[in-house]
Structure formats: C-alpha cells, structure tokens
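# Structural overview for review
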Amino acid sequence: MSQIIKKPIITEKATLDSEENNRFAFVVDRRANKIEIKKAVENMYGVTIEKVRTMTYGGGKSSVKYTNKGIVEQRNSVWKKAIVTVADGETIDLFNNI
C-alpha cells in the first residue's frame, strides 16, 4: 500500500485547500485507481476518506533542446495527482515527520 502514495503535495494552493475544504493532495502511482488510493490513505493516516479525485499530468508535447550535437526532443514525464476529501472533524498531519 505504501508504494501507491509516493509523496504529499505541499504547495500554497494545496495547503489552503486542506485548511478550508479538508482536501489533501498526493503524488500517486500512475497505475493506481481511486479505490486503491482510498484504501492506502486510510491505512497510512487512519482517517475516513469521502471522495477521491485523480488527474494525470505530463507526457504531452516534447521539449526541444538545441545542443552542440543537434536538436534533442525529450517528452515530459507522466505522473498522477490524487486529491482526497477527508470526513468532517478529521485531518491529516503532513508535517509531523519533519
């Protein structure tokens, strides 16, 4: 289960969303579905998850670099983000291990 959740996303937008709407963002394995993500978060943090939303990023347009050896194209890496909504009255403490 711990292989599904790679790391939490700690940005200004994600932190504000966690404070106001009780939603937390994680980078997850690309092949994981919503049910697996829900079970992994519930087991790891001991909270009840109401909703899971997922988004896949990257893999689109190649970046072009002009080098001494010619033009090199490199595709963006593909990664998946999951936003989980925690039940009212519960929270996830992402900063306890720092």
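As a reminder, the structure under discussion sits directly above these lines.
What this report covers is the structure whose coordinates are included nearby. (Residues numbered from 1 in each chain as written. Predicted model: local features only at pLDDT ≥ 70, side-chain atom pairs only at ≥ 80, totals over all residues. Heavy atoms only, no water.)

## A word on the nonpolar core
- Phe24, Phe26, Ile37, Val41, Ile49, Val84 and Ile92 are the most contacted members of the largest nonpolar core, which has 17 residues in total.
- Mapped by element, the contributors of at least two residues to this core are strand S2 (23-28), helix H2 (34-45), strand S3 (49-57) and strand S6 (79-86).
- Non-local contacts of isoleucine 37, meaning those with residues more than four positions away in its chain, are made with Ile4, Val28, Ala32, Val52, Thr54, Ala82 and Val84.
- Of all hydrophobic cores here, the second largest spans five residues; its members include Ile9, Ala25, Val27 and Ile83. (Core = buried A, V, L, I, M, F, W, Y, C linked by side-chain atoms within 4.5 Å. Buried < 20%, exposed > 50% of the residue type's maximum accessible area, 1.4 Å probe, protein only. Helix = DSSP H or I, 4+ residues; strand = E, 2+ residues; numbered from the N terminus. Contact = heavy atoms within 4.5 Å.)

## A word on unusual backbone geometry
- For asparagine 22, which is not glycine, the phi dihedral falls at a positive 60°.
- With respect to the helices and strands, the residue asparagine 22 is situated in the loop between helix H1 (12-21) and S2.

## Considerations on a nonpolar patch on the surface
- A contiguous nonpolar surface patch, about 360 Å² in accessible area, is contributed by Val64, Tyr66 and Ile71.
- Note on placement: isoleucine 71 falls in strand S5 (residues 70-74).
- What makes isoleucine 71 exposed here is its relative accessible area of 59%. (Patch = residues over 30% accessible without salt bridge, like charges linked within 9 Å, V, L, I, M, F, W, Y side chains within 5 Å. Areas by Shrake-Rupley, 256 points an atom, 1.4 Å probe, with all protein chains shown as cover. Salt bridge = Lys/Arg side-chain N within 4 Å of Asp/Glu carboxyl O.)

## Things to note about the sheet that holds S3
- Strands sit in the order S1-S2-S6-S3 across an open sheet of four strands; the sheet is antiparallel. Both outer strands of the open sheet, strand S1 (5-8) and S3, are each paired with one neighbouring strand and no more. Taking the axes of each pair of neighbouring strands and ignoring which way they run, one obtains an average angle of 30° across the sheet.
- Pairing analysis gives eight bridges linking S3 to S6, with the strands arranged antiparallel. The residue bridging threonine 54 from the neighbouring strand is alanine 82, located in S6. (Pairing = 2+ DSSP bridges. Axes fitted to C-alpha atoms, helices over the stretch in contact; angles between N-to-C directions.)

Limitation: the analysis is restricted to geometry and does not speak to function.
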